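Observations on the model geometry
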Amino acid sequence: MHAYIVEGGRPLSGRVGVHGAKNSVLPILAAAILAPGESVIHNCPALSDVSASLDILGRLGCRTAQSGGTITVDATVLTGSSVPDALMREMRSSVIFLGAILGRTGEANLSLPGGCELGPRPIDLHLEAIRALGAQVREEPGGRLSCRGALTGREIVLARPSVGATENAMLAAAAARGTTVLHNAAREPEIVDLQAFLRALGAEVRGAGSSTVVIQGGKPLHGGEFTVMGDRIVACTYLAAAAAAGGSVTVTGADPAHCSAVTAVLQEAGCTVRSAGGAIELISRQGLRGAGAVHTAPYPGFPTDAQPPVMAALARGRGTTLFVEHMFENRYRHVSELRRMGADIRVEDRVAVVCGVDTLHGAAVEAADLRGGAALMVAALGAEGESRITGVHHLDRGYASLAEDLSALGARVRREELTFS
Ligand code: UD1
């Protein structure tokens, strides 16, 4: 077990690059199963969720190799279509393997991901899409899921634009016979990245980034080479950190357009933000002010994953910001910890009212989930005195080099192994 020790109150300055996107590399690693060949995937971040995906690929018979940020997946021969419970539990997004395994082998056996720290995480839309393509899905006692059947393309309307359901439907449809038209698809940039990878494998997919994705299924697929897009949520976290601590930071490696809903809020809060040549520069010198109302929404709206770190930045300053969390039920678990640091935040159901305070103070706090952990880091950087953040394994799911990156910007952050006597 580890902790981050943060000495707050030091402005940040300099340039920082972000690694490849977690939410892009996970479905891409699953998609590699579809192609009986070798895929070479660059810009893969060193995250625990990526290791968990490699474990699943290995279990299915794929040969994988990792060298720096490049992962090679050889899916020429699959020896199984079943993912054991323990591996499924390692990460909720393991459900993304469903469409790919089913598409490649005609059957898939895995367990339901169940709830997680953000509240209930149903997969009804994933299953509806898979069923619509012709799969028989049996939910067995103990939460196991058994799917089989030859897939045929057809028209599917998602009841809501779920990222995971869109990805699962795209993966299954790429292997189905005939054309699938997916309406009300999620429009997140990671869906566009998945489309680009599927095309590199020889699939015919178009429309990603809009609400209608068309997949011409059944094309013979082969291995391909691909570079994963930069992580927009890591970029937004570093921008929120600079807003909180003050200073001037340039973030590279993520598309500024993917971060615009977040940079608009940080500008509203008094930061100067400029984008040029793929880099985002944020200057925060005057202290922050309230940013009005921030509603989380599917892309291109304000991302739910950026809500915690941006809230942490706005906890210090003048004025009030209202957050309304529309995506997940239980996404304010960082609030009690921010209060320990002196924040004035009230939560009622899906609404959080943040009244900016003059000073936050360092405290011992514990991350309850990935982005909630990022919020604690952001708050600690802007707080006076020392903070100790535990629950670091949550942060390891999404940030590959947090202490190194922030230290390079002038922060005092170190990671310590906790010893118990
Ligand atoms: C993905 C991201 C996650 C992000 C989220 C929303 C990955 C690995 N994770 O999660 O970081 O916070 O998008 O941008 O890419 N829903 C249903 N039934 C379903 C599926 C979803 O009701 O079958 C609901 C969810 O409970 C939630 C909403 O739809 O309220 C959005 O979820 P979804 O877009 O599916 O998120 P994930 O793909 O799980």
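What you see is a predicted model; the values in this text were computed from it and never measured. (Residues numbered from 1 in each chain as written. Predicted model: local features only at pLDDT ≥ 70, side-chain atom pairs only at ≥ 80, totals over all residues. Heavy atoms only, no water.)

**Topic: the sheet that holds strand 23 (residues 412–417)**
Taken in spatial order, the four strands of this open sheet run 21-22-1-23, and their pairing is mixed. Looking at strand neighbours, the two that pair on one side only are strand 21 (364–366) and strand 23, the edges of this open sheet. Across the sheet, the mean angle separating the axes of adjacent strands is 25° when strand polarity is ignored. One ladder, built from four bridges, connects strand 1 (residues 2–7) with strand 22 (residues 386–390); its direction is antiparallel. (Pairing = 2+ DSSP bridges. Helix = DSSP H or I, 4+ residues; strand = E, 2+ residues; numbered from the N terminus. Axes fitted to C-alpha atoms, helices over the stretch in contact; angles between N-to-C directions.)

**Focus: the site of the ligand**
In the region of the ligand, 18 residues are neighbours, and Asp-124, Ser-162, Val-163, Asp-305 and Met-327 sit closest. The contact in question runs from an oxygen atom of the ligand to an N or O atom on the backbone of Val-163, over 2.7 Å. Taken by itself the ligand offers 740 Å² of open surface, and the protein chains cover 87% of this. Among the elements that make up the shell around the ligand, the one with the highest residue count is helix 5 (residues 124–132) (three residues). A class-by-class count of the residues in the shell around the ligand yields six nonpolar, six polar and six charged. (Near = heavy atom within 4 Å. Polar contact = N/O pair within 3.5 Å; in protein donor to acceptor, adjacent residues only side chain to side chain. Areas by Shrake-Rupley, 256 points an atom, 1.4 Å probe, with all protein chains shown as cover. Nonpolar A, V, L, I, M, F, W, Y, C, P; charged D, E, K, R; others polar.)

**Things to note about helix 2 (residues 48–59)**
Taking 1.5 Å as the rise per residue, helix 2 with twelve residues should run 16 Å; its terminal C-alpha atoms sit 17 Å apart, in good agreement. Looking at the buried positions of helix 2, the neighbouring elements they touch are helix 1 (22–31), strand 4 (63–67), strand 5 (70–74), helix 3 (85–90) and helix 4 (97–105). Once helix 2 finishes, Gly-61 follows within two positions and takes phi at roughly 105°, a positive value. (Expected span 1.5 Å × (residues − 1). Contact = heavy atoms within 4.5 Å.)

**Considering the sheet that holds strand 3 (residues 38–42)**
Spatial strand order, 4-5-3-13: four strands in an open sheet with mixed pairing. Looking along the sheet, the strands with just one partner apiece sit at the ends: strand 4 and strand 13 (225–227). With strand direction ignored, the average angle separating the axes of adjacent strands in the sheet is 15°. Where strand 3 lies against strand 5, four bridges are found, and the strand directions are antiparallel. Note on strand 5: the bridge partner recorded for Glu-38 is Asp-74. Against the sheet, helix 7 (residues 189–200) engages strand 3 and strand 13, with an angle of about 160° to strand 13.

**Topic: the UniProt feature "binding site: UDP-N-acetyl-alpha-D-glucosamine" (unreviewed entry) in the protein**
Residues annotated in UniProt with the feature "binding site: UDP-N-acetyl-alpha-D-glucosamine" (unreviewed entry) correspond here to Arg-92, Arg-121, Pro-122, Ile-123, Asp-124, Leu-125, Asp-305 and Met-327. The topology assignment puts Arg-121 in the loop between strand 6 (107–111) and helix 5. Here Ile-123 shows up in the loop between strand 6 and helix 5. Beyond its immediate sequence surroundings of up to four residues, Ile-123 is in contact with Arg-92, Val-95, Leu-112, Pro-113 and Leu-145. (UniProt positions renumbered as here; feature names shortened; annotations may be inferred.)

**Some remarks on the packing of helix 1 against helix 7**
The contact between helix 1 and helix 7 brings their axes to 9 Å, and the two run at 30°. One finds that helix 1 runs roughly parallel with respect to helix 7. The element helix 1 and its partner helix 7 pack so that their crossing is right-handed. Along its contact with helix 1, which presents Asn-23, Ser-24, Pro-27, Ile-28 and Ala-31, the element helix 7 presents Glu-190, Asp-193, Leu-194, Phe-197 and Leu-198. Partitioned by chemical class, the residues of the contact of helix 1 with helix 7 number six nonpolar, two polar and two charged. (Parallel < 35°, antiparallel > 145°, perpendicular 65-115°, else oblique. Left-handed = near helix turned anticlockwise from the far one by under 90°.)

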